[in-house]
Amino acid sequence: MKPPPFVYHRPTTLEETLDVLAETGSDGKVLAGGQSLVPLMSMRLAAPEHLIDINHVRSLGGVRSDNMGVWVGAAARHVDVERDEAAFAAVPLLRQALVHVAHPTIRNRGTTVGSLAHADPSGEMTAVLALLGGTVTLRRQGGQRTVGADDFFLGPLESAVEPGELAVEAFFPAPSARTGSAWVEVSRRHGDYAVCGVGALVTLDDDRHIVAARVGLISVGPTPVVLDVSGPLAGTHVPRAARELHDQPVDNAFAAAGRLVGAAVDPEPDIHATAEYRRHLAEALAVRAVRAAAGHAVEGQRE
Ligand SMILES: Cc1cc2nc3c(=O)[nH]c(=O)nc-3n(C[C@H](O)[C@H](O)[C@H](O)COP(=O)(O)OP(=O)(O)OC[C@H]3O[C@@H](n4cnc5c(N)ncnc54)[C@H](O)[C@@H]3O)c2cc1C
């Protein structure tokens, strides 16, 4: 099917973009990578009267990093973030998760900020932003606000972006020192949206005892789910060698963290999986994610 008719706008400056967004209000939609919006329009599930293409607004591109974290502009593609070495150094979780987003061709067009604005609870970047405690900056004609991840994702495909607003930038804070991260997921075919995905952040002290651990999950609720799993893991000594990460005491702690996650999530069944299977995946993948993040934290300490 073809999309219904629409008026195409191609602003080249941020001011012009905000003007068109103000004029078109709820009849207008931002077109970023088009990887979600265009299929929705072609299936006639979305029918905006005006499309405001932000791909020619130079100031919206770019990825900046320092030891505070990574700032991603609205027109930056997933691939720009994935391949940015400074971004990987500051926030490794970005690349760890991005390689699971769709296929390279989609990552070449799709934008990271667009993925956040789209607020698909199966989108990896939603949980990455939530797990890291990041923010999204929204601009409208004559105003700006910065929204924390907790308040940004309101429901499936519903973010805090209001008519007339443009998400101009997302900020992903760098995790604290001695923190390792990991992303694991299961999808039916490579490149499909995950049936369940889990990111983890594990922080160690100087003697490799776990002092904090959190996980972020996708595809188990209407918005990304973040859980603190420090309880069962606190004080656990993480061995230096990766093979010893499967030793009994560490494994017991990882398994307990997984059970906590399995008990806390409340997934819905759908055509892809039963609720029970998703809960099982959440538990099993949480174990894998915290184990991998603990290993990653140890690697960081060796450098
Ligand atoms: C086959 C396929 C598989 C995919 N698999 C995955 C996957 O596994 N994981 C995943 O995360 N994603 C997946 N995607 C989606 C992909 O990551 C998209 O790129 C992303 O969801 C949306 O980004 P976009 O730039 O394409 O946004 P668009 O499609 O252009 O826009 C999406 C929505 O966000 C709004 N929007 C976009 N940018 C802004 C902004 N700056 N300010 C305000 N509103 C904005 C638009 O108006 C629209 O409502 C897949 C897509 C396809 C086609």
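Scroll up to find the structure.
So, here is what we can say about the structure in this document. As the structure is a prediction and not an experimental result, all values here were calculated from the model.

## Quick word on the site of the ligand
Step number 1: In the region of the ligand, 31 residues are neighbours, and Val30, Gly34, Leu37, Thr111 and Glu124 sit closest.
Step number 2: Between the ligand and Lys29 there is a distance of 3.4 Å, counted from an oxygen atom to a side-chain nitrogen or oxygen.
Step number 3: At 2.9 Å, a backbone N or O of Ala32 approaches an oxygen atom of the ligand.
Step number 4: Among the secondary structure elements, those contributing two or more residues to the shell around the ligand are β2 (28-31), α7 (112-118) and β10 (166-173).
Step number 5: In the shell around the ligand, the residues fall into 15 nonpolar, 13 polar and 3 charged.

## A short note on the sheet that holds strand β11 (residues 179-186)
Step number 1: Ordered in space as β11-β12-β13-β14, the 4 strands form an open sheet in which the pairing is antiparallel. Of all strands in the sheet, those bounded by a partner on one side alone are β11 and β14 (225-228). Neighbour to neighbour, the strand axes of the sheet diverge by 15 degrees on average, direction disregarded.
Step number 2: Here β11 runs beside strand β12 (residues 196-204); their pairing, made up of 8 bridges, is antiparallel. Residue pairing across strands places Thr179 opposite Thr203, the latter belonging to β12.
Step number 3: Running over the sheet, helix α8 (residues 124-132) touches β11, β12, β13 (210-218) and β14 and is turned about 150 degrees from β13.

## Overview of the packing of aromatic side chains
Step number 1: Here the structure, examined in full by the defined rule, presents 2 aromatic pairs.
Step number 2: Between Phe152 and Phe153 the ring centres are 5.2 Å apart and the planes differ by 85 degrees, which places this aromatic pair in the edge-to-face class. In this structure, Phe152 and Phe153 share a single accessibility class: buried.
Step number 3: The ring of Phe88 carries the charged tip of Arg95 above its face, separated from the ring centre by 4.1 Å.

Procedures and definitions
- All residue numbers here refer to positions counted from 1 along the written sequence of the relevant chain.
- Since the coordinates come from a predicted model, pLDDT governs what is reported: local features require at least 70, and pairs of side-chain atoms require 80 or more to be given and counted, while whole-chain, interface and lining totals use all residues.
- To obtain the side-chain values, all non-hydrogen atoms of the structure were used and water was disregarded.
- Near, as used in this document, describes a residue that has one of its heavy atoms within 4 Å of the molecule or strand being considered.
- Two N or O atoms count as a polar contact when they lie within 3.5 Å, although within protein this holds only if one can serve as hydrogen donor and the other as acceptor, and sequence-adjacent residues are included solely when both atoms are side-chain atoms.
- Here a helix means four or more residues in a row that DSSP labels H or I, a strand means two or more in a row labelled E, and each is numbered from the N terminus.
- Note on residue categories: nonpolar means Ala, Val, Leu, Ile, Met, Phe, Trp, Tyr, Cys or Pro, charged means Asp, Glu, Lys or Arg, and polar means any other residue, Gly included.
- Two strands qualify as a pair provided that DSSP identifies no fewer than 2 bridges between them.
- Axis geometry follows a simple rule: fit a line to the C-alpha atoms, using only the stretch in contact for helices, then measure angles between N-to-C directions, giving values from 0 to 180 degrees.
- Should any heavy atoms of two residues lie within 4.5 Å, those residues are considered in contact.
- Note on aromatic contacts: the rings of Phe and Tyr and the six-membered ring of Trp form a pair at centre separations within 6.5 Å, being stacked when their planes are under 30 degrees apart, edge-to-face when over 60 apart, and tilted otherwise.
- With a 1.4 Å probe rolled over the protein chains alone, any residue whose accessible area is under 20% of its type maximum counts as buried; one over 50% counts as exposed, and the rest are partly exposed.
- Lysine NZ or arginine CZ positioned within 6 Å of the ring centre and within 35 degrees of the ring normal marks a charge as sitting over the ring.

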